[in-house]
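Results of the structural survey
Listed here are the chains, written in short residue letters.
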Amino acid sequence: MERETEKGKPQAVGRFFRPPAAFRSFFFPLQRLAADLLRLFLPQRCGLCGRRLDEGQEVVCAACYCELPFTRFHGRPGNPVERLFWGRLPIVRANAFFRYVPGADSSRLFLGLKYYDRPQTGRYFGRLMAADLAADGFFEGISLIVPVPLAPDRQRRRGYNQSEWLARGIAEVTGLPVAAEVVRRVRSNPSQTRLSAWQRRANVEGIFALADEARLAGRHVLVVDDILTTGSTLLSCASEVARVPGVRVSILVMGIAGRHPESVVPPQQRPEQC
């Protein structure tokens with residue numbers, strides 16, 4: 001940031017510096033030209049069909065986007081994500097944006113985000129999820145976003161936490177702060193991919209610990225993850241968050257895997273423990 005002095009020279013404010021208007025009017029068109037040339041010689045491609053993306057498009061082209069397996073739950077009470085936690089953890093609301101179908105074209109988005117160095121996919125779909133849910137009041141009352149943490153060794157190998165990139169995208173739309181440091185993963189568990197539901201539950205016991213309880217106290221916390229299958233990992237993380245006095249928990253995931261009942265149960269018919 002800067003202020004203009006009486007002589008028209010820029011004045012730095014704090015540690016930020018903003019060039020004068022004359023320089024900006026010359027530099028920014030050159031910056032835009034450079035970006036256009038970069039797109040010309042190194043065009044961005046759709047993550048699914050490989051077609052060149054038009055200006056303004058990100059990650060997937062319009063045609064592929066329209067074919068994605070959206071859940072269209074819109075955070076409704078009793079949706080399949082919420083039902084997975086009934087009797088296990090009291091949550092305020094929950095939602096998933098897509099269905100994760102192994103082997104389907106859309107699954108490559110999840111695999112790219114998680115294993116093939118495409119964190120921008122998480123940020124992009126985080127923004128889309130937030131925009132989709134904002135009109136339904138999903139974020140009302142939520143004050144903090146907590147991405148499910150990775151084990152330190154996995155994050156070092158991968159270079160990023162895919163759930164944190166989803167959280168960043170959500171934050172860009174909602175303005176909510178991301179608190180990636182308040183919960184930590186205290187041990188690395190084996191991959192959940194080939195485990196049964198019972199093995200998954202045993203595999204994630206005690207893998208999370210609170211690192212900043214004071215920041216969570218009395219808050220409504222949105223716990224964010226990439227894929228939900230049985231809910232074991234999310235349950236372990238969210239349960240640790242819910243231990244803090246006065247905390248309420250909601251859950252948002254990019255994808256839900258497996259087969260889950262689609263019926264929406266009216267609030268008056270939901271289990272008492274919810």
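Computed from a predicted model, the values in this text were never measured in an experiment. Numbering of residues begins from 1 in every chain and follows the order in which that chain's sequence is written. Local features are withheld for residues below a pLDDT of 70 in this predicted model, meaning they are given only at 70 or higher, and side-chain atom pairs are given and counted only at 80 or more; totals for whole chains, interfaces and linings count all residues. The side-chain values count all of the structure's non-hydrogen atoms but skip hydrogen atoms and water molecules.

Time to look at the nonpolar core. Joining through side-chain atoms within 4.5 Å is the link that ties buried Ala, Val, Leu, Ile, Met, Phe, Trp, Tyr and Cys residues into a set, and such a set is a nonpolar core. Working definition: with a 1.4 Å probe on protein chains only, accessible area under 20% of the residue-type maximum means buried, over 50% means exposed, and in between means partly exposed. Counting 35 residues, the largest nonpolar core has Phe125 and Phe139 as its most contacted members. Taken together, the elements giving at least two residues each to this core come down to β3 (94-100), α4 (107-115), α5 (119-134), α7 (162-174), β7 (220-228) and β8 (248-257). Here this core gets five residues from one element, more than from any other, and that element is α5. In this description, contact between two residues means that some pair of their heavy atoms is separated by no more than 4.5 Å. Phenylalanine 139 has contacts with Arg93, Ala130, Leu133, Ala134, Ile170, Thr174, Leu176, Leu222 and Leu252, leaving out every residue within four places of it along the chain. Judged by nonpolar contacts, the second largest core, of 32 residues, contains Leu235, Val241, Val247 and Val249. A run of H or I in DSSP counts as a helix once it spans at least four residues, and a run of E counts as a strand once it spans at least two, with each numbered from the N terminus.

Attention shifts here to the packing of aromatic side chains. Note on aromatic contacts: the rings of Phe and Tyr and the six-membered ring of Trp form a pair at centre separations within 6.5 Å, being stacked when their planes are under 30 degrees apart, edge-to-face when over 60 apart, and tilted otherwise. Tallied over the full model, the rule gives nine aromatic pairs. Taken together, the aromatic side chains of Tyr65, Phe70, Phe97, Phe98, Tyr100, Phe110, Tyr124 and Phe125 make up a single cluster linked through ring pairs. Counting as a charge over the ring demands two things of the Lys NZ or Arg CZ atom: a distance within 6 Å of the ring centre and an angle within 35 degrees of the ring normal. Looking at arginine 93, its charged tip hangs above the ring of phenylalanine 138, at a distance of 6.0 Å from the centre. Sitting over the ring of tryptophan 165, arginine 168 keeps its end group 4.5 Å from the ring centre.

This part covers the pattern of salt bridges. Oppositely charged side chains may form a pair once their charged atoms are brought near each other. What makes a salt bridge here is a side-chain nitrogen of Lys or Arg within 4 Å of a carboxyl oxygen of Asp or Glu, nothing more. Taken as a whole and assessed by the stated rule, the structure comprises nine salt bridges. For arginine 215, the salt bridge goes to glutamate 181, with nearest N and O atoms at 2.4 Å. With arginine 215 in helix α9 (residues 213-216) and glutamate 181 in the loop between α7 and β5 (183-185), this residue pair connects regions lying 34 residues apart in the sequence. Judged by its relative accessible area of 27%, arginine 215 is partly exposed. Arginine 243 is the partner of glutamate 240 in a salt bridge, and the nearest nitrogen-oxygen pair spans 2.5 Å.

Here we take up the environment of aspartate 153. Summarising the element assignment, aspartate 153 is placed in helix α6 (residues 152-158). When the C-alpha positions of aspartate 153 and arginine 187 are compared, they lie 9.3 Å apart, and in sequence the two are 34 residues distant.

Moving on, we come to unusual backbone geometry. Excluding glycine, residues mostly carry a negative phi; peptide bonds, for their part, are mostly trans. Unlike most non-glycine residues, valine 59 shows phi in positive territory, near 65 degrees. Structurally, valine 59 is set in the loop between α1 (21-41) and α2 (62-66). In this structure, histidine 74 takes a positive phi of about 55 degrees despite not being glycine. Looking at where histidine 74 falls in the secondary structure, it is placed in the loop between α2 and α3 (80-83).

Any functional reading would require information that these geometric values do not contain.
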